[in-house]
Amino acid sequence: MRKFTVIGEDVYLLQVPFGAYWTGVVLIKSAEPILIDSGPSATMVDEVIRPALSEIGCRPEEIRYLACTHTHGDHVGGHARLLACASSCTVVASREQAEKLVDPLTYAKHIRTRFPADSPPVQRELRGVRPGLLLEDGELLAGRLRLIRAPGHDTDSVCWLDTVSGILFTGDSVQGEGAAGSGLAFYQSLPDYRTSLSALLHMEVCQLVAGHDYAPHGCRLEGSGGVREYLTACLSVTDRYDRQIRRLWDEGLQDTAELARRLISLENRTPPAHLFLEMYTVTTHLQEAGLCL
């Protein structure tokens with residue numbers, strides 16, 4: 001049985017299976033309990049999240065707020081099921097997230113249309129929910145969680161800063177060298193990603209908790225110095241990608257998929273089953289360098 005791990009005085013992390021990987025679900029077990037993200041599916045809510053909540057004495061119907069870091073299926077796939085289990089729960093979203101949350105399946109299809117031959121099937125079981133509370137950048141949820149816009153990975157990506165524990169929950173907003181196991185760091189907008197990383201560097205954070213294991217540091221960085229070093233390293237990864245992609249382009253390699261494969265090889269990473277995420281990353285570097293439209 002998967003269990004929540006204590007990462008702060010009343011803060012817990014649950015690693016919910018997602019294929020060969022996992023997606024993090026965070027519980028703030030305060031007077032108004034909050035979940036951040038809901039895993040990839042209704043099945044995982046019933047088989048993993050609900051038993052894990054029960055094991056630490058928290059029933060789904062006690063959850064007061066359900067938030068998310070962004071609206072990709074592996075992070076909001078359980079929203080509808082959790083809401084069905086907790087009728088008094090309020091779904092919280094940024095304004096950028098709200099429209100996608102209502103119909104995450106349509107967005108899951110849309111993000112695959114750019115590189116259809118290199119994309120995996122959509123999670124057709126995705127069901128939408130309607131947010132009951134919209135927050136702006138910098139606003140607090142339940143008097144303690146601060147929403148921080150962090151676009152780059154996607155337009156609606158946010159981080160949540162727990163002002164009580166000093167923990168920053170980054171979801172997929174901070175990518176390291178890419179998800180542990182295979183592939184590259186995935187962001188759809190290089191300028192936004194760099195701006196978000198730079199903004200996070202100026203925050204006082206005692207611990208960073210990501211939504212997956214990211215190479216080479218895993219999912220947790222502790223200590224303000226360690227967090228800053230990691231964010232600086234993430235920026236250096238984008239600079240390295242710039243240099244390598246430019247060199248490959250100048251050598252005559254100008255096919256997006258092949259550029260992604262060569263960059264994966266140069267980074268000593270394992271090729272993923274589907275290249276569409278890496279192709280997004282390569283494309284935004286090409287666009288920023290003025291090498292393609």
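Peer 1: For this particular structure, what's the right way to read the pattern of salt bridges?
Peer 2: Pairing of side chains with opposite charge becomes possible as their charged atoms draw close. All chains considered together, the criterion is met by 20 salt bridges. Ionic pairing is found between Asp239 and Arg194, a salt bridge with its closest N-O pair at 3.2 Å. One end of the pair, Asp239, is in helix H7 (residues 224-250); the other, Arg194, is in helix H6 (residues 190-201), and 45 residues separate them in sequence. Of the charged contacts in the structure, one is a salt bridge between Arg246 and Asp250, with a shortest N-O distance of 3.8 Å. Of the two residues, Arg246 and Asp250 both sit in helix H7, four residues apart, roughly one turn of that helix.

Peer 1: Sorry, what's going on with helix H4 (residues 95-102) here?
Peer 2: An α-helix turns once per 3.6 residues; consequently, residues spaced three or four apart project the same way. Buried residues of H4: Gln97, Ala98, Lys100 and Leu101, and no others. In this structure, the buried residues of H4 make contact with helix H2 (73-76), helix H3 (79-85), strand S6 (90-94), helix H5 (104-110), strand S7 (133-135) and strand S10 (158-162).

Peer 1: Help me out: how do you make sense of the sheet that holds strand S4 (residues 34-36) in this one?
Peer 2: In any sheet, the strands associate via hydrogen bonds between backbone groups, in a parallel or an antiparallel arrangement. Strand order in the open sheet formed by seven strands is S1-S2-S3-S4-S5-S6-S7, with mixed pairing between adjacent strands. Each having just a single partner strand, strand S1 (5-8) and S7 make up the two edges of the open sheet. Neighbour-to-neighbour, the strand axes of this sheet turn through a mean angle of 30°, independent of strand direction. Where strand S2 (residues 11-18) lies against strand S3 (residues 21-28), eight bridges are found, and the strand directions are antiparallel.

Peer 1: Is there a simple way to explain the sheet that holds strand S12 (residues 207-214) in this structure?
Peer 2: With respect to topology, six strands assemble into an open sheet ordered S8-S9-S10-S11-S12-S13, the strand pairing being mixed. Edge strands, defined here as strands with exactly one partner in the open sheet, are strand S8 (140-141) and strand S13 (218-222). Bridge count between S8 and strand S9 (residues 145-149): two bridges; the pairing is antiparallel. When the bridges of S9 are listed, Leu140 appears paired with Arg146. Across the sheet, H7 touches S12 and S13, and the angle it forms with S12 is around 45°.

Reading the values: rules and limits
- Residues numbered from 1 in each chain as written.
- Predicted model: local features only at pLDDT ≥ 70, side-chain atom pairs only at ≥ 80, totals over all residues.
- Heavy atoms only, no water.
- Salt bridge = Lys/Arg side-chain N within 4 Å of Asp/Glu carboxyl O.
- Helix = DSSP H or I, 4+ residues; strand = E, 2+ residues; numbered from the N terminus.
- Buried < 20%, exposed > 50% of the residue type's maximum accessible area, 1.4 Å probe, protein only.
- Contact = heavy atoms within 4.5 Å.
- Pairing = 2+ DSSP bridges.
- Axes fitted to C-alpha atoms, helices over the stretch in contact; angles between N-to-C directions.

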